[in-house]
Amino acid sequence: MIGIFGGTFDPVHYGHLRSALEVKDIFGLSQVRLIPSAQPPHREQPAASALMRLQMLELAVQDQPGLTVDTRELNRPGPSYMVDTLKSLRQECNDEPLLLFIGSDAFNHLKSWHQWRHLFDFAHIVVMTRPGADVQHLDDFLKARLAGDITELVHNTAGKLYFQQVTQLDISATAIRQMVAKQQNPGFLLPDAVIAYIRQHTLYQRT
Ligand code: ATP
């Protein structure tokens, strides 16, 4: 099974990295692909350029062979729709189950995603519990997809919804950007190599 973890990663931090590593072990994944989005359709445009966000991700995972960076959204023109990303991954991965991991805050906005129901044609969705975010009431479409245990994900290539608790690190990229803008030290919230990159390129000087 392959895990997929999309985001703006502006910048990548230990909240992302710890949950990616944890779900890799919990679900026995061969790899987790971190996929930076080029033009996120649902939010303000990132503060750092796509290339810089990519370089920070690469620095963050350089010593973690199970975590890989997938650049397909950066190589595709137009908005980064997850449904297009999953469709192209499905073509490459044949019958291997794909698990799309999203935080519970992102899950609460799932219905605003482009062609959201079709996400389940190509992957399972695993919602990771995130501090401070309540999960919305499930409608009949989502309830019908709810998996009782991990074996249901293993035995289907796509189509299931599953909730998984991960270690709760209350870290957000927004808070890190604000800290950097205020000349505060974001140490221990993200890898040192990424902090060094932020300093070197004088990123996030303004909120
Ligand atoms: P921002 O503060 O700029 O909104 P973010 O820290 O939420 O950024 P994103 O790149 O937007 O990071 O998030 C990518 C994915 O990672 C989303 O599915 C999000 O829910 C999840 N995520 C973000 N922070 C955490 C965290 N601390 N623990 C677990 N998952 C997280």
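Conventions and cut-offs
- Residues numbered from 1 in each chain as written.
- Predicted model: local features only at pLDDT ≥ 70, side-chain atom pairs only at ≥ 80, totals over all residues.
- Heavy atoms only, no water.
- Helix = DSSP H or I, 4+ residues; strand = E, 2+ residues; numbered from the N terminus.
- Buried < 20%, exposed > 50% of the residue type's maximum accessible area, 1.4 Å probe, protein only.
- Core = buried A, V, L, I, M, F, W, Y, C linked by side-chain atoms within 4.5 Å.
- Contact = heavy atoms within 4.5 Å.
- Pairing = 2+ DSSP bridges.
- Axes fitted to C-alpha atoms, helices over the stretch in contact; angles between N-to-C directions.
- Near = heavy atom within 4 Å.
- Polar contact = N/O pair within 3.5 Å; in protein donor to acceptor, adjacent residues only side chain to side chain.
- Areas by Shrake-Rupley, 256 points an atom, 1.4 Å probe, with all protein chains shown as cover.
- Phe/Tyr/Trp six-rings, centres within 6.5 Å; stacked < 30°, edge-to-face > 60°.
- Lys NZ or Arg CZ within 6 Å of the ring centre and 35° of its normal.
- Salt bridge = Lys/Arg side-chain N within 4 Å of Asp/Glu carboxyl O.

Student: Please explain unusual backbone geometry as it appears in this structure.
Tutor: Cis geometry marks the peptide bond from Asp10 to Pro11; its omega dihedral reads 5°. The backbone of Gln183 shows a phi angle near 60°, a positive value even though the residue is not glycine. Along the polypeptide, Gln183 turns up in the loop between helix H8 (173-181) and helix H9 (192-200). By relative accessible area, Gln183 is classed as exposed at 63%. Phi is positive for Tyr204, close to 60°, though the residue is something other than glycine. With respect to the helices and strands, the residue Tyr204 is situated in the segment after H9.

Student: Help me understand the nonpolar core in this model?
Tutor: Among soluble globular proteins, nonpolar side chains are generally buried collectively. Phe5, Phe27, Leu34, Met56, Leu99, Phe101 and Ile198 are the most contacted members of the largest nonpolar core, which totals 35 residues. Elements supplying a minimum of two residues to this core: helix H1 (14-27), strand S2 (31-36), helix H2 (50-61), strand S4 (98-103), strand S5 (124-129), H8 and H9. The contacts of Met56, once residues within four sequence positions are left out, are Pro11, Val12, Ala48, Val194, Tyr197, Ile198, Leu203 and Tyr204. In terms of nonpolar packing, the next biggest core, distinct from the first, is built from 24 residues, Val83, Leu89, Val127 and Leu161 among them.

Student: In this structure, what is going on with the sheet that holds S4? I would like to understand it.
Tutor: Paired through backbone hydrogen bonds, the strands of a sheet run either parallel or antiparallel to each other. Taken in spatial order, the six strands make up an open sheet running S3-S2-S1-S4-S5-S6, and their pairing is parallel. In this open sheet, the two strands that pair with only one neighbour each are strand S3 (67-69) and strand S6 (161-165). In this sheet, adjacent strand axes meet at a mean angle of 30° when their direction is disregarded. Helix-sheet contacts for H1 involve strand S1 (2-7), S2, S3, S4, S5 and S6, and the interaxial angle to S6 is about 115°.

Student: Could you clarify how one ought to interpret the site of the ligand in this entry?
Tutor: Neighbouring the ligand are 20 residues; His13, Asp105, Leu169, Ala173 and Thr174 lie closest to it. For the ligand, an oxygen atom lies 3.0 Å from a polar atom in the backbone of Gly103. Within the complex, 90% of the 600 Å² of free accessible area of the ligand lies under protein. Of all elements in the fold, only S1, H1, S4 and H8 reach the threshold of two or more residues within the shell around the ligand.

Student: Would you mind going over the packing of aromatic side chains with me for this structure?
Tutor: The geometry of two aromatic rings is summed up by the distance between their centres and the angle between their planes. Scanning the model with the defined rule gives six aromatic pairs in all. Geometrically, the ring pair formed by Trp116 and Phe141 is edge-to-face, given 5.2 Å between the ring centres and 80° between the ring planes. Of this pair, Trp116 sits in the loop between helix H4 (104-107) and helix H5 (119-122) while Phe141 sits in helix H6 (residues 140-143); the two residues are 25 residues apart in sequence, bridging distant segments of the chain. Given a relative accessible area of 8%, Trp116 falls into the buried group. The cationic tip of Arg145 hangs over the ring face of Phe120; the distance from NZ or CZ to the ring centre is 5.5 Å.

Student: What is the right way to read the pattern of salt bridges from this model?
Tutor: Where charged atoms of side chains with opposite charge meet at close range, the side chains can pair. Per the counting criterion, the structure on display carries eight salt bridges. Glu92 is the salt-bridge partner of Arg33, the closest N and O atoms lying 3.8 Å from each other. Taken together, the residues Arg33 in strand S2 and Glu92 in helix H3 (residues 82-93) connect sequence positions 59 residues apart. A salt bridge links Asp139 to Lys111; the nearest nitrogen and oxygen atoms lie 2.7 Å apart. On the criterion of sequence distance, the pair formed by Asp139 in the loop between S5 and H6 and Lys111 in the loop between H4 and H5 is long-range, its members being 28 residues apart. Taking the relative accessible area as the measure of exposure, Asp139 reaches 22% and is therefore partly exposed.

Student: Looking at this model, I keep getting lost on the pairing of S4. Mind explaining?
Tutor: Looking along a regular strand, one sees side chains alternate from face to face of the sheet. When you tally the buried positions in S4, you get six out of six residues, the bulk of the element. Taking every second residue as pointing to the same face, both faces of S4 are buried, with Leu98, Leu100 and Ile102 on one and Leu99, Phe101 and Gly103 on the other. Summarising the sheet, S1 and S4 pair through four bridges and their orientation is parallel. Among the inter-strand pairings, Phe5 is bridged to a residue of S4, identified as Phe101. Relative to S5, S4 is paired through five bridges, and the arrangement is parallel. The partner of Phe101 across the bridge, within S5, is Val126.

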